[in-house]
Amino acid sequence: MTGVSLLAVGFAGTSAEAAPDAAPTEQQLGDYIAAGLKQAGPVAGVGTGSACTSGSGAGSGNGSGDCFGGSGSSSGLSGGYSSDTQGYGPAMTSWTAAFGYGLANPDAAPPETNDWNCKPSAEHPRPVVLVHGTWMNAYNGFAFMSKPITDAGFCTFTFNYGRSNIAQGGGLGSVLPGVMGTGYIQDSAKQLATFVDRVLAATGAPKVDIVAHSQGGPMAGWYTKFEGGGPKVQHMITYGATNHGTSLDGIGALGRAVNNFGIDVLGFVELFVGHAGIQQTIGSDFVNQLNAGGDTVPGIDYTVVGTRYDEVTNPYDLTFLKAGPGAHVDNILLQDGCEQDVSDHLTIMYSPRALSIALRALDPAQHPDLQCTFNPWVIGGGGSL
């Protein structure tokens, strides 16, 4: 944040004799960085040729002829895979407890998911696919929400995606068995496409609803735009989704700015956080390409939830979407009408209010009301300590 403050001083351009200009807001700083510091040309990666050679560093292919580089990062191998869950973990109300359990039991499913004999009812005709975020897995992403959604009458399914090791660009965090969602997001979107087709085949449903956290939001967005998922999704419900990138508390924003000067800072950071982490920074090729044709896909209803205390997707309003033709968007700030819910990026998935928003979006007739309880920052307690 100190670096961002220094950058902001340069951005303001004050002189010794003039009254200082007002400091830019985080949103203004984010917009400035997203536009690129090289004003003579377009932002790297937008209409400038192959994504494999754009940005300040060259990306690599994914082994199938696709190029996912140009995120302003250095080159690295692609690869990784998705996997089914095995067995079930317990229901949890605390994010910290669930995260620890998920690290030790990386293949566990959240409660009451993945019943492949489940058939959607007339009241709930679409199965719900739960999509975890970066450095998370299916269990610790949904150990709180999965059971209430299933108990409400929905067939719920989830899986682990983006399982990449260090050599495949998963970053140092991938040495922990429960850390997933680190591979190239485009690869993960293909994995989601395969999983959704399996769910549709098993249930006989024509479409699914998606509940996604963090990276899961833009990853599912890529799926609906570029991997044939648009006609297969009715509702898209996201929490803290990095839909327009993130400054990562200023770290990613500063790195993007420095990268625009030709110094590959983000390439070094990528060695630690993995491909997917860098792809979600403001101004990356992935973010630019995802939103180049508009935020939404016709025929999909979007419920987009952000929290004022999000320390990862920030500024938090970068998560919100603008409805395009044929789409409906409901942007919700978690604290609107419930200031005592101080959920952050991770504990939002353990917030009773966040859960009630999902249930209302999935079935407004049966779940019209939103809960309002205290939910502690960082710890997450399902409405209590």
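This section reports on the structure supplied with the text. What you see is a predicted model, and the numbers here were worked out from it, not measured in a lab. (Residues numbered from 1 in each chain as written. Predicted model: local features only at pLDDT ≥ 70, side-chain atom pairs only at ≥ 80, totals over all residues. Heavy atoms only, no water.)

## What about the state of the cysteines?
In step 1: Across all of its chains, the model carries two disulfides by this definition.
In step 2: Between the sulfur of C338 and that of C372 lies a disulfide, 2.1 Å long from S to S. Between C338 and C372, the S-S torsion sits near 100°, and that sign places the bridge as right-handed. Of this pair, C338 sits in the loop between β8 (328-333) and α12 (352-362) while C372 sits in the segment after α12, and the two are 34 residues apart along the sequence.
In step 3: With relative accessibility at 0%, the residue C338 sits in the buried group.
In step 4: On the basis of relative accessible area, C372 is assigned to the partly exposed category, the value being 31%. (Disulfide = S-S within 2.5 Å. Helix = DSSP H or I, 4+ residues; strand = E, 2+ residues; numbered from the N terminus. Buried < 20%, exposed > 50% of the residue type's maximum accessible area, 1.4 Å probe, protein only.)

## Examining the pattern of salt bridges
In step 1: This model, assessed by the stated rule, comprises eight salt bridges.
In step 2: For R126, the salt bridge identified is with D209, shortest N-O distance 2.9 Å. A residue pair is termed long-range when its members are at least 10 positions apart, and R126 in the loop between α3 (95-104) and β2 (128-131) and D209 in strand β5 (residues 208-213) qualify at 83 residues.
In step 3: Judged by relative accessible area, which is 19%, R126 ranks as buried.
In step 4: D197 serves as the salt-bridge partner of K232, at 2.8 Å between the closest nitrogen and oxygen. Highlighted residues: K232 in the loop between α7 (216-226) and β6 (233-239) and D197 in helix α6 (residues 185-203), separated in sequence by 35 residues. (Salt bridge = Lys/Arg side-chain N within 4 Å of Asp/Glu carboxyl O.)

## Considerations on the side chain of T242
In step 1: Here T242 is to be found in the loop between β6 and α8 (251-259).
In step 2: For T242, the side chain forms a polar contact with the side chain of Q280, separated by 2.7 Å.
In step 3: Apart from the residues lying within four places of it in its own chain, the contact partners of T242 are S214, Q215, P218, Q280 and T313. (Polar contact = N/O pair within 3.5 Å; in protein donor to acceptor, adjacent residues only side chain to side chain. Contact = heavy atoms within 4.5 Å.)

## A closer look at the nonpolar core
In step 1: Formed by 37 residues in total, the largest nonpolar core has its most connected members in V129, V131, L192, V208, I210, Y223 and Y302.
In step 2: Elements with a minimum of two residues in this core: β2, α6, β5, α7, β6, α11 (285-291), β7 (301-306) and β8.
In step 3: In terms of residues, this core owes the most to one element, α6, which gives eight residues.
In step 4: If near-sequence neighbours (up to four positions away) are discounted, L192 is found in contact with V129, V131, F159, M219, A220 and Y223.
In step 5: Grouped together as the second largest cluster of nonpolar side chains are 32 residues, V128, A143, F154 and V211 included. (Core = buried A, V, L, I, M, F, W, Y, C linked by side-chain atoms within 4.5 Å.)

## Quick look at empty space enclosed by the protein
In step 1: Within this structure, the stated rule accounts for one cavity of 30 Å³ or more.
In step 2: Within this model, the largest cavity holds a volume of roughly 120 Å³.
In step 3: As for the largest cavity, its lining consists of 14 residues, and the residues nearest its centre are G217, G221, N243, D295 and L321.
In step 4: Listed by contribution, the elements that provide at least two residues to the lining of the largest cavity are α7, β6 and α11.
In step 5: Of the residues assigned to the lining of the largest cavity, the class counts are six nonpolar, six polar and two charged. (1 Å grid on protein atoms, 1.4 Å probe; cavity = no way out; pocket = protein on both sides within 12 Å on 5 of 7 lines; lining within 4 Å. Points joined across faces, edges and corners; volume = space filled by probe spheres on them. Nonpolar A, V, L, I, M, F, W, Y, C, P; charged D, E, K, R; others polar.)

## Quick look at unusual backbone geometry
In step 1: Geometrically, the link from N314 to P315 is a cis peptide bond, its omega value of -5° lying close to zero.
In step 2: Structurally, P315 is set in the loop between β7 and β8.
In step 3: Phi is positive for N114, which is not a glycine, with a value near 60°.
In step 4: Mapped onto the secondary structure, N114 falls in the loop between α3 and β2.
In step 5: In the Ramachandran plot, W135 falls in the positive-phi region, its phi being about 65° despite a non-glycine side chain.

## Some words on the environment of A202
In step 1: Mapped onto the elements, A202 comes out in helix α6.
In step 2: With 84 residues separating them along the chain, A202 and C118 place their C-alpha atoms 8.3 Å apart.
In step 3: Beyond its immediate stretch of four places on either side in the chain, A202 contacts W116 and K119.

## Concerning the environment of P177
In step 1: Tracing the sequence through the fold places P177 in the loop between β4 (160-163) and α6.
In step 2: On the basis of relative accessibility, which here comes to 48%, the residue P177 falls in the partly exposed class.
In step 3: Distance in space between the C-alpha atoms of P177 and R163 is 9.3 Å, their sequence separation being 14 residues.
In step 4: Not counting the four nearest positions on each side in its chain, P177 is found in contact with L103, P106 and R163.

## Quick notes on α3
In step 1: All of the buried residues in α3 are W95, A98 and G102. Considered in projection along α3, the buried side chains sweep an arc of 65° and stay on one side of the axis.
In step 2: For α3, the elements touching its buried residues are α4 (138-142). (Arc of directions from axis to C-beta.)

## Side note on the sheet that holds β5
In step 1: The strand order across the open sheet built from six strands is β3-β2-β5-β6-β7-β8, with neighbouring strands paired in parallel fashion. Looking at which strands have only one partner, the edges of the open sheet turn out to be β3 (156-158) and β8. Each strand of the sheet is rotated relative to its neighbour by a mean of 15°, with strand direction disregarded.
In step 2: Two elements, β6 and β7, share five bridges in a ladder whose sense is parallel. Paired with I237 across the strands is T303, a residue of β7.
In step 3: On top of the sheet, α12 reaches β2, β5, β6, β7 and β8; it is set at about 170° to β6, its chief contact. (Pairing = 2+ DSSP bridges. Axes fitted to C-alpha atoms, helices over the stretch in contact; angles between N-to-C directions.)

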